[in-house]
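Here's the letter readout for the chains.
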Amino acid sequence: MVRAIVLWGAGLVRGLWLAQTLEQRRRNAKFVKEQDARRGKSETDIKKRAKESSKSPISPFWLVILAFIVFGGLVFEVISRIFFR
C-alpha cells in the first residue's frame, strides 16, 4: 500500500506541485490585474470604481433561456389556440 503525503495548503502531492487549472489561472490573472490597478490609489477611489463597474449577476445566455421558457410557452399556446381550435 502506497501512502501519499497530501499538504492541501501548500498544494503538494508526493512532493510535486499540482498544475493550476484554467479557472485558477484566470482568477489569478484577474486578481493581479485588480491589484495593479489599486496601487497608488486611495480607498475612496477604489470604492467608487467598484460601484461603477457592477455587472449583472446572471449571464445573457441564461436570460435568453429563461425568456424562451416563459414567453416561448405563451407563444406556442397562442398559436395552438388560433390554428387548432
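Every value quoted in this text rests on a predicted model; they were computed, and no experiment measured them.

Concerning the pattern of salt bridges
Here comes step 1: Following the criterion strictly, the structure yields four salt bridges and no others.
Here comes step 2: Two residues, E77 and R81, come together in a salt bridge whose shortest N-O distance is 2.9 Å. Of this pair, E77 and R81 both sit in helix α3 (residues 60-83), four residues apart, roughly one helical turn.
Here comes step 3: Residues joined by salt bridges that share partners form a network here, namely E23, R26 and R27.

Observations concerning the packing of aromatic side chains
Here comes step 1: Applying the stated rule across the entire model yields one aromatic pair.
Here comes step 2: Between the aromatic rings of F61 and W62, the centroid separation amounts to 5.0 Å while the plane-to-plane angle is 75°, which identifies the pairing as edge-to-face. We note that F61, like W62, is exposed.

A few points about the confidence of the model for the protein
Segments scoring low in pLDDT should not have their predicted coordinates read at a detailed level.
Here comes step 1: Taken over all residues, the pLDDT of the protein has a mean of 78, while the share at 70 or more is 74%.
Here comes step 2: Averaged pLDDT values for the elements of the protein fall to 48 in strand β1 (residues 6-7) and rise to 91 in α3.
Here comes step 3: Within the model, pLDDT remains below 50 along residues 1-7, and this stretch shows six contacts once partners closer than five positions in the same chain are excluded.

Section: α3
Here comes step 1: Taking 1.5 Å of rise per residue, 24 residues should cover 34 Å, and α3 covers 33 Å from first to last C-alpha, within 8% of that figure.
Here comes step 2: α3 sits mainly on the outside: one of its 24 residues count as buried.

Some details on the environment of R39
Here comes step 1: Along the chain, R39 falls in the loop between α1 (22-38) and α2 (43-52).
Here comes step 2: The class of R39 is exposed, set by a relative accessible area of 61%.
Here comes step 3: A polar contact of 3.0 Å, which involves the side chain of R39, links it to the side chain of D36.

Conventions and cut-offs
- Residues numbered from 1 in each chain as written.
- Predicted model: local features only at pLDDT ≥ 70, side-chain atom pairs only at ≥ 80, totals over all residues.
- Heavy atoms only, no water.
- Salt bridge = Lys/Arg side-chain N within 4 Å of Asp/Glu carboxyl O.
- Helix = DSSP H or I, 4+ residues; strand = E, 2+ residues; numbered from the N terminus.
- Phe/Tyr/Trp six-rings, centres within 6.5 Å; stacked < 30°, edge-to-face > 60°.
- Buried < 20%, exposed > 50% of the residue type's maximum accessible area, 1.4 Å probe, protein only.
- pLDDT = per-residue confidence, 0-100.
- Contact = heavy atoms within 4.5 Å.
- Expected span 1.5 Å × (residues − 1).
- Polar contact = N/O pair within 3.5 Å; in protein donor to acceptor, adjacent residues only side chain to side chain.

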